[in-house]
Amino acid sequence: MTAPLRLGTRGSALAMAQSGQIAEALTAATGRDVALVEVVTAGDRSSAPVHRLGVGVFVSALRDALAARTIDFAVHSYKDLPTAAAPGLHIAAVPPRQDPRDALVAKGGRTLAELPPGAVVGTGALRRIAQLHALGLQLEVTPIRGNVDTRLRRVLGPDADLDAVVLARAGLARLGRTDVITETLDPMLMLPAPAQGALAVECRADDTDLVELLAVLDHAPSRAAVTAERALLATLEAGCTAPVAAYGELAEGDAGEEIYLRGAVISPDGTRDLRLSRTGTPADAAEIGKALAAELLELGADSILGQEGHAAPGTQQFGSNE
């Protein structure tokens, strides 16, 4: 009998759900049994705002477990991963990406435009806070933490203290909670975080048999889009407190399939909002992201990022703000 593969995962309901889905997909595709192994991360133990927790706070414990060989592979929310490669580790698969857009959950079934001036909206991401301010809707935006159910209770529970929350639609979908969404936000209003909605399946680079096995889960279009988005983020060298957004879409162009990448850098108060786009082939995904970042820097993105403090290259961390 072949021992089950050990899949390391955070213990939150969302992490367990997405890891369970990956385990089922791998077993269905290869016949290999998979056992989930819960790993507690520093981010799970802290109640501090996500952007203050530091680089890799939801990732480092899983990577330590990989290095210690107490797990065989791990599943991350891709947007949690620092852009610098981890020595000795390999992203073996990027499965098909969930809808990367943000979602509004509001009292009374309201949309964003229907919220009255002064309505209190909660979110854990500075990127969302900045874009909500940039819309000029006179909303009161407040930072929040907690798992998905905790955030939903603050709008829908008996002791609700918020008028609305903004979450990643992908997280709600993986938990089977899309019924609570009152509006899926158009990226023209709310551009997602780089790699939002995508998962990264990571293992040790020297485990060549497992690298080959996990490759069955890889979805090339999702990997290309995420590669472009994360190349933009890495080139900007944006720290964990910088509101940076990026969204890559693949579509058929005149000369075949191409990536349409949108990127934005927004000041926390929403008064400065730089947005650009660029297209290219999936094979050039990383170069598209780098070039778009260079254009944003030429327009003064560095002055916005400078307000928030520059991180060292490869240390970007946006935290799990589902």
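Above this text sits the structure in question.
Residues numbered from 1 in each chain as written. Predicted model: local features only at pLDDT ≥ 70, side-chain atom pairs only at ≥ 80, totals over all residues. Heavy atoms only, no water.

Caption draft 1: View of the pattern of salt bridges. Scanning the entire structure with this criterion turns up 15 salt bridges. Arginine 63 serves as the salt-bridge partner of glutamate 202, at 2.9 Å between the closest nitrogen and oxygen. Remark: arginine 63 occurs in helix α3 (residues 60–67) and glutamate 202 occurs in strand β10 (residues 199–204); sequence separation between them is 139 residues. By relative accessible area, which is 2% here, glutamate 202 ends up buried. We note a salt bridge from arginine 204 to aspartate 72, for which the minimum N-O separation is 3.9 Å. Within this pair, whereas arginine 204 is found in strand β10, its partner aspartate 72 is found in the loop between α3 and β3 (73–77), the two being separated by 132 residues in sequence. By relative accessible area, arginine 204 is classed as buried at 6%. A cluster of three or more residues bridged by salt bridges with shared partners is formed by Arg6, Asp72 and Arg204. (Salt bridge = Lys/Arg side-chain N within 4 Å of Asp/Glu carboxyl O. Helix = DSSP H or I, 4+ residues; strand = E, 2+ residues; numbered from the N terminus. Buried < 20%, exposed > 50% of the residue type's maximum accessible area, 1.4 Å probe, protein only.)

Caption draft 2: Here's a closer look at the sheet that holds strand β13 (residues 273–280). In spatial order, the strands read β11-β12-β13; together these three strands make up an open sheet with antiparallel pairing. Where the open sheet ends on each side, the last strands, each with one partner, are β11 (244–253) and β13. Pairwise comparison of adjacent strand axes, ignoring direction, gives a mean angle of 15° for this sheet. Contacts between helix α8 (residues 220–236) and the sheet are confined to β11 and β12 (256–266), with β11 contributing the most and set at about 145° to the helix. (Pairing = 2+ DSSP bridges. Axes fitted to C-alpha atoms, helices over the stretch in contact; angles between N-to-C directions. Contact = heavy atoms within 4.5 Å.)

Caption draft 3: Representation of unusual backbone geometry. Within the chain, arginine 69 stands out as a residue other than glycine whose phi angle is a positive 65°. You can see arginine 69 is positioned in the loop between α3 and β3. Backbone geometry places glutamine 138, a non-glycine residue, at a positive phi of 60°. With respect to the secondary-structure elements, glutamine 138 resides in the loop between α4 (126–134) and β7 (140–143). Judged by relative accessible area, which is 61%, glutamine 138 ranks as exposed.

Caption draft 4: Focus on the packing of α8 against helix α9 (residues 285–298). Packing of α8 against α9 leaves a shortest axis separation of 7 Å and a crossing angle of 35°. Between α8 and α9 lies a crossing whose hand is right-handed. Residue-level inspection shows Ala224, Thr227, Ala228, Ala231, Leu232, Thr235 and Leu236 of α8 in contact with α9, the latter providing Ala285, Ala286, Gly289, Lys290, Leu292, Ala293, Leu296 and Leu297. Among the residues forming the contact of α8 with α9, the class breakdown is eleven nonpolar, three polar and one charged. (Left-handed = near helix turned anticlockwise from the far one by under 90°. Nonpolar A, V, L, I, M, F, W, Y, C, P; charged D, E, K, R; others polar.)

Caption draft 5: How the structure looks around the environment of leucine 292. Turning to its location among the elements, leucine 292 is positioned in helix α9. Owing to a relative accessible area of 0%, leucine 292 belongs among the buried residues under this scheme. Along the primary structure leucine 292 and alanine 264 are separated by 28 residues, whereas in three dimensions their C-alpha atoms are 9.6 Å apart. Apart from residues no more than four positions distant in its own chain, leucine 292 is found in contact with Leu232, Leu261, Arg262, Gly263, Leu276, Ser277 and Arg278.

Function cannot be inferred from these measures alone, as they are strictly geometric.
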